[in-house]
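If you want the building blocks of each chain, they are given just below.
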Amino acid sequence: MYVRRIVPNFRSEGQALAESCDFYGVLGFEEVMNHGWIVTLASTDNPAVQLSLMTKDQTAPVTPDVSIEVEDVDAVHRAMVERGAEIVHPLTDEEWGVRRFFVRDPNGRVVNVLSHS
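Every value quoted in this text rests on a predicted model; they were computed, and no experiment measured them. (Residues numbered from 1 in each chain as written. Predicted model: local features only at pLDDT ≥ 70, side-chain atom pairs only at ≥ 80, totals over all residues. Heavy atoms only, no water.)

## Quick word on the overall build of the protein chain
Counted only if it meets this: The helix count covers DSSP runs of H or I at least four residues long, the strand count covers runs of E at least two residues long, and both are numbered beginning at the N terminus. Think of it in three bands: with a 1.4 Å probe and only protein chains considered, a residue is buried below 20% of the maximum accessible area for its type, exposed above 50%, and partly exposed in between. We call two residues in contact whenever any of their non-hydrogen atoms come within 4.5 Å of each other. Under the convention used here, a 1.4 Å probe and the Shrake-Rupley method define accessible areas, while residue burial counts only the protein chains that appear. In this tally, Lys and Arg are treated as positive and Asp and Glu as negative; His is ignored, and so are the chain termini. Lysine's charge is taken at NZ, arginine's at CZ, aspartate's at CG and glutamate's at CD.
When its secondary structure is counted, the protein chain shows two helices and eight strands. When its helices and strands are written in sequence order, the protein chain yields β-α-β-β-β-β-α-β-β-β. Along the first, second and third principal axes, the C-alpha atoms of the protein chain reach 45 × 30 × 30 Å. The burial tally for the protein chain puts 40% of its 117 residues in the buried class. Of the contacts formed within the protein chain by residues at least 6 apart in sequence, a portion of 48% connects residues at least 24 apart. Summed over its atoms, the accessible surface of the protein chain is roughly 6700 Å², and 51% of this surface lies on carbon and sulfur atoms. Distance from the positive charge centre (10 side chains) to the negative charge centre (18 side chains) of the protein chain: 7 Å.

## A closer look at the pairing of strand S8 (residues 110–116)
Put simply, the test is: Whether two strands pair comes down to DSSP finding at least two bridges between them.
The buried fraction of S8 is high, at six of seven residues. Pairing geometry for strand S5 (residues 66–70) and S8, over four bridges, is parallel. Following the sheet pairing, Val 66 is matched in S8 by Val 111. As paired strands, strand S7 (residues 98–104) and S8 are joined by seven bridges and run antiparallel to one another. Considered in S8, the bridge of Arg 100 is made with Leu 114. What sits between S7 and S8 in their antiparallel hairpin is a turn of five residues, with Gly 108 showing a positive phi close to 90°.

## Concerning the environment of Gly 28
Inspection of the secondary structure puts Gly 28 in the loop between helix H1 (15–26) and strand S2 (29–34). Residue classification places Gly 28 among the partly exposed positions, given a relative accessible area of 22%. Separated by 16 residues in sequence, Gly 28 and Thr 44 have C-alpha atoms that sit 5.9 Å apart. Those residues within four positions of Gly 28 in sequence are excluded, and the remaining contacts are Ala 42, Ser 43 and Thr 44.

## Things to note about the UniProt feature "domain: VOC" (unreviewed entry) in the protein chain
Put simply, the rule is: UniProt positions are given in the numbering used here, feature names are shortened, and annotations may be inferred rather than shown by experiment.
UniProt annotation of "domain: VOC" (unreviewed entry) refers to residues 1–116 when read in the numbering used here. Across residues 1–116, the secondary structure splits into 19% helix and 45% strand, with the terminal C-alpha atoms separated by 15 Å.

Structure follows, in structure tokens:
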């Protein structure tokens, strides 16, 4: 399985979302995506270095702890189902151009596994 990037998802509520964007801006991050409930920031020098600030996932029942972009999300989904992993959110094509599912890791963390369409 080829992993393209790993993006931590930090919970941020209300006014703290804007404050967090400002804070990480000082560290060299800039906004590259904003859906209102999730803002993704990327390093100005290395766009593959990213983090997301999220109030609540608006299209899934839980908020993931981390997002892992893979080359073939369908293959990863099959592998997780075969091993009996808990699928928290089904394989879904999202309107913003990703195909994703959520799976719970052995420590209880929710992992958003995705590929861009």
